[in-house]
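# Observations on the three-dimensional arrangement
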Amino acid sequence: MAIYLDNAATTRPSSAVIGAVTHCMLEVYGNPSSLHRMGLDAQLLMDGARKTVASALGCDMNCILFTSGATESSNLALRGAAAAYGKRRPHIVTSAVEHASVRSTVDALEAQGFRVTRILPNAEGEFDAKDFINAVTEETCLVSMMLTENETGRILPVQRAFRTIKKRFPDVITHCDAVQAFMKLPVRVNDLNADLISISAHKIHGPKGVGALYIRKGVRLLPIVTGGKQERSIRPGTEAMPLIAGFGAAVEEMQPSISDRFAHAKHMKECLLEKLAKIEGISINSSPEGTPYILNLSVQGIRSEIMLHFLESKGIYVSSGSACSKGAKSQVLSAYGIPDDRADSALRISFSAETTEDELTALTEAIAQGRAQLIHK
Ligand code: PLP
């Protein structure tokens, strides 16, 4: 049996999700744009999923656009808002620890001529809302901040920063990558003061290849893909019906148990920290105030990939930093001031409601064994 501790990379689809995807493929395979009954059935199924996602975010269903995942959601949000609002205000504010889907998109906008301010954490490795607020000027069109950072699990002060920014500069568009927070922390559009929010299904036991973008009413985005009238012509193309049905099922299943699952993850993180404290040479790269779902640690003297494959040989699956960085040097850990040798040996352990204490015992025993065997290699 695999011990899967890489839930920030992706999660195991639940039976309810697989059931919803299969049901849609077998029974509701009409095109929601078709005018006949089978089209209408598909439209109704999609409306149901849209309502479920909207209700989880506390917004109207018409504010939810389905996409192929959070990477597309954030591309559409940032490129679409920059094109709509950036001509006279070509300045963007973002954090230095964004996921590649935001980071690379902002880099691309910078190459097109936008001026970018990237906010760094303070000496304690935490973000201060004031740094984001003070960076915004009359020239700013867009502020993009993630809620839960995906490598160490730090939580950024999005709510505080966006509240003041929107009060002082109501025309600035605020975007939040809430992928690692959705269904884990409360993510409500009005609390966050976000105009745009990116979320993804496969991080919450839904299918891969589907996500959503929340767009506050009145916010204009220029589409990045042109085509038909689907998704209000902002994101044209026949909707990925089975995946959307699976996304709806995942949210429906997760929504009632957010606080129970949070408490479980918190217990798992505390339990793991306690076990790790008994092993020599372990440094913790996560913040005690971060999400309980992610713990980033370094095993002194052993490169991440070496330990990752050692653990894999024992049937334990973890990540070296972020899955998207695929072994490249972590810009996020450097931003927190973590020295290169420690960053080179970083492992990310990420929990789900399925994680058990026995699995964490197996993990810590394997880390201790790996350290003893690998340290002099
Ligand atoms: N944003 C964050 C914080 C993530 O962790 C990820 C996935 O790794 C993404 C965005 C990208 O999501 P998707 O895989 O749906 O494109």
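The shown structure was predicted, so the numbers you read here are calculated from the model rather than taken from an experiment. Throughout this document, residue positions are counted from 1 along each chain, in the order its sequence is written. pLDDT decides what is reported in this predicted model: residues at 70 or higher carry local features, side-chain atom pairs at 80 or more are listed and counted, and totals for whole chains, interfaces and linings draw on all residues regardless. The basis for the side-chain values is all heavy atoms of the structure; hydrogens and waters are excluded.

## Things to note about unusual backbone geometry
- Notably, His 205 is not glycine yet its phi reads approximately 70°, a positive angle.
- Secondary structure elements are taken from DSSP: a helix is a run of H or I of four residues or more, a strand is a run of E of two residues or more, and numbering for both begins at the N terminus. Summarising the element assignment, His 205 is placed in the loop between strand S7 (196-200) and strand S8 (211-215).
- For Arg 232, which is not glycine, the phi dihedral falls at a positive 55°.
- In this structure, Arg 232 sits in the loop between S8 and helix H8 (241-254).

## Notes on the site of the ligand
- As a matter of local geometry, the ligand sits amid 14 residues, with Thr 71, Asp 177, Gln 180, Ser 200 and Lys 203 nearest to it.
- Residue His 99 places a side-chain N or O atom 3.3 Å away from an oxygen atom belonging to the ligand.
- Asp 177 places a polar side-chain atom, nitrogen or oxygen, 2.7 Å from a nitrogen atom of the ligand.
- All accessible-area figures derive from a Shrake-Rupley calculation using a 1.4 Å probe, and residue coverage is judged against the displayed protein chains alone. Taken by itself the ligand offers 400 Å² of open surface, and the protein chains cover 89% of this.
- Gly is placed with the polar residues, together with every amino acid not listed as nonpolar (Ala, Val, Leu, Ile, Met, Phe, Trp, Tyr, Cys and Pro) or charged (Asp, Glu, Lys and Arg). The residue makeup of the shell around the ligand, split by class, is four nonpolar, eight polar and two charged. Nearness here has a simple test: a residue counts as near a molecule or strand if at least one of its heavy atoms is within 4 Å of that partner. Polar contact is defined as a pair of N or O atoms within 3.5 Å, subject to the rule that within protein one atom must be able to donate a hydrogen and the other to accept it, and that residues adjacent in sequence are counted only when both atoms are side-chain atoms.

## Remarks on the domain arrangement of the protein
- Source of the domain bounds: an automatic or database domain assignment. You can read the domains of the protein as domain 1 (3-11 + 257-374) and domain 2 (15-255).
- Measuring from the centre of the C-alpha atoms in domain 1 to the corresponding centre in domain 2 gives 27 Å.
- The contact rule is simple, with two residues in contact once any of their heavy atoms fall within 4.5 Å. Taken together, the contacts link 28 residues of domain 1 with 30 residues of domain 2.
- By definition, the buried area sums, over both parts, the 1.4 Å-probe accessible area that each loses when the two are put together. Across the domain 1 to domain 2 interface the summed buried area is about 2600 Å²; carbon plus sulfur atoms make up 52%.
- Broken down residue by residue, the surface that domain 1 buries against domain 2 is led by Thr 11, Ile 258 and Tyr 336, which jointly contribute 25%.
- The term salt bridge refers to a pairing of a side-chain nitrogen on Lys or Arg with a carboxyl oxygen on Asp or Glu at a separation within 4 Å. Viewed at the interface, domain 2 and domain 1 are joined by zero salt bridges.

## Considerations on the packing of aromatic side chains
- Two rings belonging to Phe, Tyr or Trp (six-membered ring only in the last case) form a pair when the distance between their centres is within 6.5 Å. Interplanar angles under 30 degrees mark stacking, angles over 60 mark edge-to-face geometry, and anything in between is tilted. Using the criterion set out here, one finds three aromatic pairs in the structure.
- Note on Phe 127 and Tyr 336: the rings are 6.5 Å apart at their centroids and 75° apart in plane angle, and the pair reads as edge-to-face. Residue Phe 127 is found in the loop between strand S4 (115-119) and helix H5 (129-135), and its partner Tyr 336 is found in the loop between helix H11 (331-335) and helix H12 (340-343); the two are separated by 209 residues along the sequence.
- Aromatic ring contacts, followed pair by pair, group Phe 127, Phe 132 and Tyr 336 into a single cluster.
- The lysine or arginine in question, Arg 154, covers the ring of Tyr 336, its NZ or CZ lying 4.0 Å from the ring centre. Any Lys NZ or Arg CZ that is within 6 Å of a ring centre and within 35 degrees of that ring's normal is treated as a charge sitting over the ring.

## A short note on the sheet that holds S8
- Strand order in the open sheet formed by seven strands is S2-S8-S7-S6-S5-S3-S4, and the pairing between neighbours is mixed. Every interior strand has two partners, whereas the edge strands, strand S2 (64-67) and S4, have only one. Between one strand axis and the next, the sheet turns by 20° as a mean value, whatever way the strands run.
- Note: S2 against S8, four bridges, orientation antiparallel. Residue Phe 66 lies in a different strand from S8, and its bridge partner there is Ala 212.
- A fitted line through C-alpha atoms represents every axis, and for helices the fit uses only the stretch in contact; the resulting angles, taken between N-to-C directions, go from 0 to 180 degrees. Strand contacts of helix H4 (residues 100-111): strand S3 (91-95), S4, strand S5 (140-146) and strand S6 (173-177), with the helix running at about 150° to S4, the strand carrying the most contacts. A strand pair is defined by DSSP finding two or more bridges across the two strands.

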